[in-house]
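Commentary on secondary and tertiary structure
Single-letter residue listing:
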Amino acid sequence: MSLKIGRNDPCWCGSGKKYKKCHEAFDTRLEQFRQQGAPLLSHELIKKPQDVEKIKEACAVNIAVLDYVQEHIRAGISTQQIDDWVHSETVRRGGTPAPLGYEGFPKSVCTSINEVVCHGIPSEEEILKDGDIINVDVSTIYNGFYADSSRMFMIGEVSPEKQALVQTVKECVEIGISKVQPWTPIGNMGSAVHQHALFHGYQVVREIGGHGVGYEFHEDPWVSYTSEEGSGVIMVPGMMFTIEPMVNMGSAEIRTDEKDGWTVRTKDGLPSAQWEVTVLVTETGCEVICW
Ligand code: MF3
Ligand code: CO
């Protein structure tokens, strides 16, 4: 953004307030970090207030679609059935499923069962059975804005080991949320997520992480959940990103299916779980805008 903005000019954020009464102090603080050599997100990815409202509308659709899946998912249905629900419930609400056609992805949602880490492709042949754990990852485009979140579902009687994995990953996300503080490095969040998983004897996938979201499906920054304290971009109010660690019961090693080019599985075949929320960094912490 241009630093030539006058102090009495309208703020770049579109609030209608004078710059000096709005984001001037924010930009000064950003500039201080920049001069210290801290990594920063590019300014145009900081969400303007009126865009935040639009993105929240996309999130509302995403949440409603996942709520629908949550109410209807059960043993005996196919993952194609979930795809049909997500497609029709999204379109019914005026949205478009973001995955459909994204880099050639053939379906409207990712459905990842047991040892599938992420990017599972819904299929007529794949039937949910008692004891399965499944991640359903929904992403919505609404009026040109993007929302992204995913939830785990446990089908019927699930083993205590898998239940513990699912529960711990949920805690990882909650801990991550609690570590989102403005003007601190994003690595503090990722590190806390990682430590909680390790404490429970699990491993976190390194190669696939989270991302900025809102104006695009996947924006900067790329977000790691195996990061070091003090590393990564500085979180600033108006920044938006996902917290979506993939946590494996066994080793962190993964392998992408060569035939379909999408399905990511654990190398050792042990289960993996993931929950995903989107957060908006605020002046005091963050707001969870999509879950
Ligand atoms: N929804 C996934 C995420 O959380 C991305 C899926 S890409 C797709 O980032 F093409 F597989 F849908
Ligand atoms: Co995501």
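For the structure itself, look to the data block above.
Conventions and cut-offs
Residues numbered from 1 in each chain as written. Chains lettered and ligands numbered in written order. Predicted model: local features only at pLDDT ≥ 70, side-chain atom pairs only at ≥ 80, totals over all residues. Heavy atoms only, no water. Helix = DSSP H or I, 4+ residues; strand = E, 2+ residues; numbered from the N terminus. Buried < 20%, exposed > 50% of the residue type's maximum accessible area, 1.4 Å probe, protein only. Areas by Shrake-Rupley, 256 points an atom, 1.4 Å probe, with all protein chains shown as cover. Lys, Arg positive; Asp, Glu negative; His and termini not counted. Charge placed at Lys NZ, Arg CZ, Asp CG, Glu CD. Near = heavy atom within 4 Å. Polar contact = N/O pair within 3.5 Å; in protein donor to acceptor, adjacent residues only side chain to side chain. Nonpolar A, V, L, I, M, F, W, Y, C, P; charged D, E, K, R; others polar. Axes fitted to C-alpha atoms, helices over the stretch in contact; angles between N-to-C directions. Left-handed = near helix turned anticlockwise from the far one by under 90°. Contact = heavy atoms within 4.5 Å. Donors = N, O, S within 2.8 Å, 3.2 Å for Na, K, Ca; no water. Tetrahedral: all angles 85-135°; square planar, octahedral: opposite > 155°, others 65-115°. Phe/Tyr/Trp six-rings, centres within 6.5 Å; stacked < 30°, edge-to-face > 60°. Lys NZ or Arg CZ within 6 Å of the ring centre and 35° of its normal. Pairing = 2+ DSSP bridges.

Our focus in this paragraph is the overall build of the protein. Counting its regular elements, the protein contains five helices and 15 strands. Taking all 291 residues of the protein together, 55% fall into the buried category. Just so you have it, the protein exposes about 12,900 Å², and 49% of that area is on carbon and sulfur atoms. Charge centroids of the protein, computed over 26 positive and 41 negative side chains, lie 8 Å from each other.

Looking at ligand 1, there are 14 residues lining it, with Asp137, His211, His218, Glu244 and Glu276 nearest. Side-chain polar atom of His218 to an oxygen atom of ligand 1: 2.8 Å apart, as the coordinates give it. Taken by itself ligand 1 offers 330 Å² of open surface, and the protein chains cover 96% of this. When grouped by side-chain class, the residues that make up the shell around ligand 1 number six nonpolar, four polar and four charged.

The geometry of helix α2 (residues 49–72) relative to helix α3 (residues 79–92) is characterised by a closest axis approach of 10 Å and an angle of 145° between their N-to-C directions. The hand of the α2/α3 crossing is right-handed. Of the residues in α3, those in contact with Val61, Val65, Tyr68, Val69 and His72 of α2 are Ile82, Trp85, Val86, Glu89 and Thr90. Split by residue class, the contact of α2 with α3 holds seven nonpolar, two polar and one charged.

All right, on to the coordination of the cobalt ion (ligand 2) then. At 2.1 to 2.3 Å from the cobalt ion (ligand 2) lie its protein donor atoms, namely Asp148 (OD), His211 (NE2), Glu244 (OE) and Glu276 (OE). Coordination at the cobalt ion (ligand 2) is irregular: its six donor atoms span angles of 52 to 158° at the metal. In the primary structure, the donors to the cobalt ion (ligand 2) are separated according to the pattern D-x62-H-x32-E-x31-E. Taken together, the residues Asp148 in strand β5 (residues 145–154) and Glu276 in the loop between β13 (272–274) and β14 (277–281) connect sequence positions 128 residues apart. For Asp148, a relative accessible area of 2% gives the class buried.

Time to look at the packing of aromatic side chains. Going through the model one piece at a time under the given rule, you end up with eight aromatic pairs. When the ring of Phe105 is compared with that of Trp262, the centres are 4.9 Å apart and the planes differ by 90°; the resulting orientation is edge-to-face. One end of the pair, Phe105, is in the loop between β1 (96–97) and β2 (110–113); the other, Trp262, is in the loop between β11 (254–256) and β12 (264–266), and 157 residues separate them in sequence. Judged by relative accessible area, which is 3%, Phe105 ranks as buried. Clustering of aromatic rings is evident, with ring pairs tying together Trp12, Phe26, Phe33 and Trp183. Of note, Lys47 hangs over the ring of Tyr215, and the distance from its end group to the ring centre comes to 4.7 Å. Seen from the ring of Trp275, Lys170 lies directly overhead, with NZ or CZ sitting 4.7 Å from the centre.

Taken together, the three strands give an open sheet; going across it, the order is β6-β10-β13, and neighbouring strands pair in antiparallel fashion. A single partner strand is all that each edge strand has here, and the edge strands are β6 (203–204) and β13. Of the strand pairs in this sheet, strand β10 (residues 246–248) and β13 are connected by three bridges, and their pairing is antiparallel. Its bridge partner being in β13, Asn248 is matched across the sheet by Ser272.

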